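What follows is each chain in one-letter form.
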Amino acid sequence: MTESQKRNIHFYEPESGTGLPHSPFNAIIAPRPIGWISSRSADGVLNLAPYSFFNAFSYVPPIIGVASNGFKDTLANAEATGEFCWNLVSRELASAMNATSETVPPEVDEFALAGLTPASSRIVDVPHVAESRVVFECRTTQVVPLQTAEGNLTETLMVFGEVVGVHIDSALLVDGIYQTALADPVLRAGGPVNYFTIDEDNRFEMRRPDDA
């Protein structure tokens, strides 16, 4: 008997329900970096919103992507202006980030709502969060609607952007190497309220076989 055969496995097909009190999907794909995206509408209104489905997808050139469940302000702005910024959420900014998740009308400026300072970016015409210790200035490359295995469109759209400018607090660089734990990033986990941070004590090193 294999190890997997010894386990009591909970199996479900998502389209039929999980059979659990809360979907485990987000908790399994976790923790995840937060896509705290600043953008500007074609009319000049600032927007700042967090997204929990966010990551990097290309190294050269650097491309990041964020999933929008529906045609929200961030997506509309990134598509209309072709620009946006990603702002690192550190532990000290967690409450402010959470404040920007409130559902408000498009004309509301979430920078002001959360008491944050919009700072001018160097390349794109979209401000970033001055209090954020790392910022990516991005130009929109694609807006891609996601589809099911049968080819049906879903409500989710992916916004991809090429990183054209990077701001890093120099205190996070030790001998020129970015220190992830020192940045104290907030990571999204499962359930409606769970987040994690990174502790340096949990770091371990492992080289790829080809690099040994």
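Structural notes, computed from the coordinates. Here the structure is a predicted model, which means the values were calculated and not measured. (Residues numbered from 1 in each chain as written. Predicted model: local features only at pLDDT ≥ 70, side-chain atom pairs only at ≥ 80, totals over all residues. Heavy atoms only, no water.)

### A word on the overall build of the protein chain
Logical step 1: Looking only at helices and strands, the protein chain has 5 helices and 14 strands in total.
Logical step 2: Principal-axis analysis of the C-alpha atoms places the extent of the protein chain at approximately 60 × 45 × 35 Å.
Logical step 3: Of all 212 residues assigned to the protein chain, the portion counted as buried reaches 35%.
Logical step 4: Counting only carbon and sulfur atoms, one obtains 52% of the accessible surface of the protein chain, whose full area is about 13,200 Å².
Logical step 5: Charged side chains in the protein chain number 13 positive and 27 negative. The centres of these two groups are separated by 7 Å. (Helix = DSSP H or I, 4+ residues; strand = E, 2+ residues; numbered from the N terminus. Buried < 20%, exposed > 50% of the residue type's maximum accessible area, 1.4 Å probe, protein only. Areas by Shrake-Rupley, 256 points an atom, 1.4 Å probe, with all protein chains shown as cover. Lys, Arg positive; Asp, Glu negative; His and termini not counted. Charge placed at Lys NZ, Arg CZ, Asp CG, Glu CD.)

### Considering the environment of alanine 99
Logical step 1: Tracing the sequence through the fold places alanine 99 in helix α4 (residues 94-99).
Logical step 2: Sequence spacing of alanine 99 and alanine 76 is 23 residues, and the spatial spacing of their C-alpha atoms is 21 Å.
Logical step 3: The residues touching alanine 99, leaving out its near neighbours within four places in the chain, are Leu113 and Ala114. (Contact = heavy atoms within 4.5 Å.)

### Quick word on the pattern of salt bridges
Logical step 1: For the structure on display, the rule yields 3 salt bridges.
Logical step 2: A salt bridge links arginine 133 to aspartate 169; the nearest nitrogen and oxygen atoms lie 3.0 Å apart. You can see arginine 133 sitting in the loop between β8 (128-129) and β9 (134-147) and its partner aspartate 169 sitting in the loop between β10 (153-168) and β11 (173-174), a full 36 residues away along the chain.
Logical step 3: Residue arginine 133 is classed as partly exposed on the basis of its relative accessible area, which comes to 23%.
Logical step 4: Put simply, glutamate 200 and arginine 203 hold a salt bridge, and the shortest N to O gap is 2.5 Å. (Salt bridge = Lys/Arg side-chain N within 4 Å of Asp/Glu carboxyl O.)

### A few points about the sheet that holds strand β5 (residues 63-69)
Logical step 1: What the 7 strands build is an open sheet, ordered β3-β2-β6-β9-β10-β5-β4; its pairing is antiparallel. Two strands lie at the open edges of the sheet, namely β3 (46-51) and β4 (54-58), each paired on one side alone. With strand direction ignored, the average angle separating the axes of adjacent strands in the sheet is 35°.
Logical step 2: Of the pairings in the sheet, the one linking β9 to β10 comprises 12 bridges and is antiparallel in character. Among the inter-strand pairings, arginine 139 is bridged to a residue of β10, identified as glutamate 162. (Pairing = 2+ DSSP bridges. Axes fitted to C-alpha atoms, helices over the stretch in contact; angles between N-to-C directions.)

### Here we look at a nonpolar patch on the surface
Logical step 1: A surface patch of nonpolar side chains, about 410 Å² in accessible area, is lined by Phe25, Ile28, Ile29 and Phe53.
Logical step 2: Looking at where phenylalanine 53 falls in the secondary structure, it is placed in the loop between β3 and β4. (Patch = residues over 30% accessible without salt bridge, like charges linked within 9 Å, V, L, I, M, F, W, Y side chains within 5 Å.)

### Comments concerning the environment of valine 135
Logical step 1: Here valine 135 shows up in strand β9.
Logical step 2: For valine 135, a relative accessible area of 1% gives the class buried.
Logical step 3: It is 9.3 Å that separates the C-alpha atoms of valine 135 and serine 121, two residues lying 14 residues apart in sequence.
Logical step 4: For valine 135, the contacting residues outside a window of four places in its chain are Cys85, Trp86, Asn87, His128, Val129, Gly165, Val166 and His167.

### A word on the sheet that holds strand β14 (residues 195-196)
Logical step 1: The 3 strands lie next to each other as β1-β13-β14, forming an open sheet whose pairing is antiparallel. Each of the sheet's edge strands pairs with one partner strand only, and the pair in question is β1 (32-33) and β14.
Logical step 2: Two strands pair when backbone bridges link them, and β1 and strand β13 (residues 187-188) are joined in this way by 2 bridges, in the antiparallel orientation. Bridge assignment links proline 33 to a residue of β13, and that residue is leucine 187.

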